[in-house]
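# Structural overview for review
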There are 2 protein chains.
Amino acid sequence: MPPVKDVYIAVIGAGGVGKCFLSQLETLSNRLTKNTSSLKLSLVLVSRSKKTLYSPQYTALPYSNLASSLDSSTQEPLSLPKIIEYLAAAPAKVVLVDNTSSQDVADAYPQVLEKGISIVTPNKKAFSGSYKLWQDIFSAASTSGAKVYHESSVGAGLPVISTLKELVDTGDEVTRIEGVFSGTMSFLFNSFAPTEGKGGKWSEEVKKAKDLGYTEPDPRDDLNGLDVARKLTILARLAGLQVESPTSFPVQSLIPKELESVGSGEEFMQRLHEFDGQMEDVKVQAEKEGKVVRFVGSIDVGKKEVKVGLEKFDRSHPIAALKGSDNIISFYTKRYGANPLIIQGAGAGGEVTAMGVTGDLIKVLERLS
Amino acid sequence: MPPVKDVYIAVIGAGGVGKCFLSQLETLSNRLTKNTSSLKLSLVLVSRSKKTLYSPQYTALPYSNLASSLDSSTQEPLSLPKIIEYLAAAPAKVVLVDNTSSQDVADAYPQVLEKGISIVTPNKKAFSGSYKLWQDIFSAASTSGAKVYHESSVGAGLPVISTLKELVDTGDEVTRIEGVFSGTMSFLFNSFAPTEGKGGKWSEEVKKAKDLGYTEPDPRDDLNGLDVARKLTILARLAGLQVESPTSFPVQSLIPKELESVGSGEEFMQRLHEFDGQMEDVKVQAEKEGKVVRFVGSIDVGKKEVKVGLEKFDRSHPIAALKGSDNIISFYTKRYGANPLIIQGAGAGGEVTAMGVTGDLIKVLERLS
């Protein structure tokens, strides 16, 4: 039997995804112990907004009542630099799990990786910000040998990033990537312009999606297209394009010009119906061609073109036939020819997003030497 | 700079998949050298049927003119035990790439793994033979620390095995797996019972598929359903079912009873048209229900039921809407709920099968400590 190797896990962010991840981490940790694995995972830090729970001596925090222990923690909250300092001083390998969507945390990744601390995260900000941050992250990882995985930054737990990486790493030529990358947009258009039946008015569908919790608290954060643009930025970079930022290519916003400057999300929702005619025109135009409209992103690798916006699809097209809030991502490559490699399924939700994070953690553990 | 670590690669099988793999290996090997990776891959052995080309001192074989060098090799062909002996004596880590579909090679996997030699392979035989062989393979790997990957044993390069493993390893509950697992069957039924139009007679579609090279030399090797049964056996075992063998569950053969005992594939093809009525009945029956017939495999994990055969699907169902010789695999799980995680694309062909093998090789290299 090889000696047991400690790996310390630190988790920043304990909201929807964070809570699901902590539960999956507990299960994984117990499984490793039960299977007398040579790895022993110890959760040593959990933090969210103004609260930190950590173990100064790097002993494992208990999972039972973790959420309430964090709530009632009387430990001095650690700032991000202090957290990094604490982890860098750990007497074994450390994996930092960033379950936030914070730009501040993302900006610190190069510094974290330089210190040999590996990162797994669903946080899109680090990989879709400036191209310099992207370069700094992977160069820091390459130098120190620390790992960085971010499967859930696109399509939640769906194997999107890993598949694209494998296509590239095995020498295939990716020519085009297209798909529906937002669960919110998927739900909205599958209801607004269904392949069968009429669908409702645009503002009513947005309200329904909001009431069901499918949109951000302010739906404009979905309708501006930036979330999809961030995902496209990540995929385009992995496919070899030097995309400068998620605003450096055409992104169609579904926020009517007149409502761009209204103060609150509530006012936006109250006035959205005034512009139902615009979206209705788009739907009717597509219907005249026997098609339906969908909000998609696409990358033409050869032409170095990335774009996000409305497009029309035949009713029998897989993108048109999506259900619920599913994502679909099609990879067109030299090897796969005319019929793309397609990945489809839920692209949002706490459990499936956390699954991508846990899957990444397993990959890091398998690669820690 | 860490010291450069040698890894020796041995390749058994240099047919369709083997040739594509060798070309991908050369590209990968050059890329590692160019990126001043800490790994240096050396191809030290290539063998097929009665020919072996190997380097007694474990120096790298040149890739240029490899096929003709193998053809004209005057080295004494090495038997399988001799190959294993040669690899076990290598002064560094070794990965054996089995690009054959040989049961003999598959039976030797436990012995290979015991010696610390890792394996990557598209060979279904090892993982769909007796349950004892399956157990021996993974127990040998677990004991020695050698790795064994077989992504291309189901769906060629599509991320099927890795996705299923990740669902299981991250604690999801897989309830049902279903899909079209044979490129040949996909092509046959997409032509015979298309979602639009009439399709041809069954025997004519089989002949067309054979002429296009989509079937085995003797089409009965596809029509008996065993290839699909082997793939289902592998997935069911990964999902936790102790499936004894690919003949231990119901498999519908499309070979008419009367033709089971004819001597040659040619005679079979000549007489197949006599039984077109049987398949026509199946097609018409489905049409009456507004459906199309497809050859599918399914695993009900809860009920521990595995089956392979004809089933009817609505024309709008993703399985009905497949194109060409594509595979589609749907994973129904607790986390994904009503809408499954779906993987779709070419599930056969030299390049995409080799891609799965090369991808597995990269995974092994990343995990070799």
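Cut-offs and rules
Residues numbered from 1 in each chain as written. Chains lettered and ligands numbered in written order. Predicted model: local features only at pLDDT ≥ 70, side-chain atom pairs only at ≥ 80, totals over all residues. Heavy atoms only, no water. Helix = DSSP H or I, 4+ residues; strand = E, 2+ residues; numbered from the N terminus. Rg over C-alpha atoms; globule rule 2.2 N^0.38 Å. Buried < 20%, exposed > 50% of the residue type's maximum accessible area, 1.4 Å probe, protein only. Core = buried A, V, L, I, M, F, W, Y, C linked by side-chain atoms within 4.5 Å. Contact = heavy atoms within 4.5 Å. Least-squares fit on C-alpha atoms with pLDDT ≥ 70 in both. Pairing = 2+ DSSP bridges. Buried area = accessible area lost by both parts, 1.4 Å probe. Salt bridge = Lys/Arg side-chain N within 4 Å of Asp/Glu carboxyl O. Polar contact = N/O pair within 3.5 Å; in protein donor to acceptor, adjacent residues only side chain to side chain. Axes fitted to C-alpha atoms, helices over the stretch in contact; angles between N-to-C directions. Phe/Tyr/Trp six-rings, centres within 6.5 Å; stacked < 30°, edge-to-face > 60°. UniProt positions renumbered as here; feature names shortened; annotations may be inferred. Parallel < 35°, antiparallel > 145°, perpendicular 65-115°, else oblique. Left-handed = near helix turned anticlockwise from the far one by under 90°. Nonpolar A, V, L, I, M, F, W, Y, C, P; charged D, E, K, R; others polar. Domains from an automatic or database assignment.

Within chain A, the secondary structure is distributed over 15 helices and 11 strands. In terms of overall dimensions, chain A is globule-like: its C-alpha atoms have a radius of gyration of 22 Å, near the 21 Å expected for 369 residues. The C-alpha extent of chain A, read off along each of the three principal axes, is 70 × 50 × 40 Å. Out of the 369 residues belonging to chain A, those deemed buried represent 56%.

Our next topic: the environment of Val292 of chain B. Residues and elements named next belong to chain B. Checked against the element boundaries, Val292 lands in strand E8 (residues 291–300). For Val292, a relative accessible area of 4% puts it in the buried group. With 100 residues separating them along the chain, Val292 and Phe192 place their C-alpha atoms 9.6 Å apart.

In terms of nonpolar packing, the biggest core is built from 178 residues, with Ile177, Phe189 and Trp202 of chain A together with Ile177, Phe189 and Trp202 of chain B touching the most fellow members. With residues up to four places along the chain from it excluded, the contact list for Trp202 of chain B reads Leu188, Phe189, Phe192, Leu223, Leu254, Leu272, Asp276 and Met279 of chain B. Counting 31 residues, the second-largest nonpolar core is a separate cluster that includes Ile9, Val17, Leu22 and Leu365 of chain A.

Quick look at the relation of the copies chain B and chain A now. For the match of chain B to chain A, the screw axis carries a shift of 0.0 Å, the RMSD comes to 0.0 Å, and the turn is 180°. Both copies of the chain, as the preceding transformation shows, are related through a two-fold rotation axis. Comparing interface residues between copies, 97% of those in chain B also lie at the interface in chain A; the contact surface is shared.

This brings us to the pairing of strand E8 (residues 291–300) of chain A. All names here are of chain A. Within E8, eight of the 10 residues are buried, leaving the element largely enclosed by the surrounding structure. With four bridges joining them, strand E7 (residues 174–180) and E8 adopt antiparallel strand pairing. Bridging from a neighbouring strand, Ile177 pairs with Ile299 of E8. When E8 meets strand E9 (residues 305–314), the two strands line up antiparallel, connected through 10 bridges.

Taken together, the 35 residues of chain B in the interface contact 34 residues of chain A. Both faces combined, the contact of chain B with chain A buries some 3,000 Å², and carbon together with sulfur accounts for 54% of it. By the criterion of area lost to chain A, the three top residues of chain B are Arg335, Tyr336 and Met355 of chain B, representing 20% of everything that side buries. Summed over the shared surface of chain B and chain A, the result is six salt bridges. Close ionic contact of Glu366 of chain B with Arg367 of chain A constitutes a salt bridge, the shortest N to O distance being 2.3 Å. Counting every contact that joins chain B to chain A gives six residue pairs in polar contact (both at pLDDT 80 or more). Secondary-structure elements contributing two or more residues to the side of chain B that touches chain A are helix H1 (16–34), helix H8 (161–169), strand E11 (341–346) and helix H15 (350–367) of chain B. Here the side of chain B that touches chain A takes 10 residues from H15 of chain B, the largest share from any one element.

Read from one edge to the other, the open sheet built from 10 strands follows the order E9(A)-E8(A)-E7(A)-E10(A)-E11(A)-E11(B)-E10(B)-E7(B)-E8(B)-E9(B), with strand pairing classed as antiparallel. Edge positions in the sheet fall to E9 of chain A together with strand E9 (305–314) of chain B, since each of these pairs with one other strand and no more. Neighbour-to-neighbour, the strand axes of this sheet turn through a mean angle of 20°, independent of strand direction. Bridge analysis of strand E10 (residues 326–333) of chain A against strand E11 (residues 341–346) of chain A gives six bridges, and the strand direction is antiparallel. Of the residues in E11 of chain A, the one forming a bridge with Ile329 of chain A is Ile343 of chain A. In the packing of helix H14 (residues 276–288) of chain A onto the sheet, contacts are made with E8 and E9 of chain A, and the angle to E8 of chain A comes to roughly 95°.

Before going further, it helps to spend a moment on the packing of aromatic side chains. All names here are of chain A. Applying the stated rule across the entire model yields 22 aromatic pairs over all chains. Ring geometry for Phe189 against Phe192: centres 6.2 Å apart, planes inclined by 85°, an arrangement best described as edge-to-face. Separated by three residues within a single helix, Phe189 and Phe192 lie in helix H9 (residues 183–192), roughly one turn from each other. Given a relative accessible area of 0%, Phe189 falls into the buried group. Classification of Phe192 as buried rests on a relative accessible area of 0%.

With that settled, consider the UniProt feature "binding site: NADP(+)" (unreviewed entry) in chain A. Residues and elements named next belong to chain A. In the numbering used here, UniProt assigns the "binding site: NADP(+)" (unreviewed entry) feature to Gly13, Ala14, Gly15, Gly16, Val17 and Gly18. Note on placement: Gly13 falls in the loop between strand E1 (5–12) and helix H1 (16–34). Given the relative accessible area of 9%, Gly13 is considered buried. In this view, Gly13 contacts Gly18, Ser47, Asn99 and Thr100; residues no more than four positions away in its chain are not counted. Residue position: Gly15 is located in the loop between E1 and H1. Since its relative accessible area comes to 40%, Gly15 is described here as partly exposed.

This brings us to the environment of Ile342 of chain A. Summarising the element assignment, Ile342 of chain A is placed in strand E11. Residue class for Ile342 of chain A comes out buried when judged on its relative accessible area of 5%. Ile342 of chain A sits 193 residues away from Tyr149 of chain A along the chain, and the two C-alpha atoms are 21 Å apart. Ignoring sequence-local partners within four residues, the contact set of Ile342 of chain A consists of Ile328, Ile329 and Ser330 of chain A together with Ile342, Ile343 and Gln344 of chain B.

A few words on the packing of H9 of chain A against helix H10 (residues 202–211) of chain A. If you want to describe how two helices pack, look at the angle between their axes and the distance between the axes. Residues and elements named next belong to chain A. With their axes 10 Å apart at the nearest point, H9 and H10 run at an angle of 135° to one another. By the angle between their axes, H9 is oblique relative to H10. Judged by the twist between their axes, the crossing of H9 over H10 is right-handed. Between H9 and H10, the residues in contact are Phe187, Leu188, Phe189, Ser191 and Phe192 and Trp202, Glu205, Val206, Lys208 and Ala209, respectively. Split by residue class, the contact of H9 with H10 holds seven nonpolar, one polar and two charged.

Another point: the domain arrangement of chain A. Residue and element names in this part refer to chain A. Examined at the domain level, chain A breaks down into domain 1 (5–156 + 352–367) and domain 2 (160–346). For domain 1 and domain 2, the distance between their C-alpha centroids amounts to 30 Å. On the domain 2 side, the residues contacting the 18 residues of domain 1 number 21 residues. Carbon and sulfur atoms supply 62% of the area that domain 1 and domain 2 bury against each other, a total of about 1,600 Å² over both sides. Sorting the residues of domain 1 by area buried against domain 2 places Ser128, Tyr131 and Val154 first, and these three jointly supply 38% of that buried surface.

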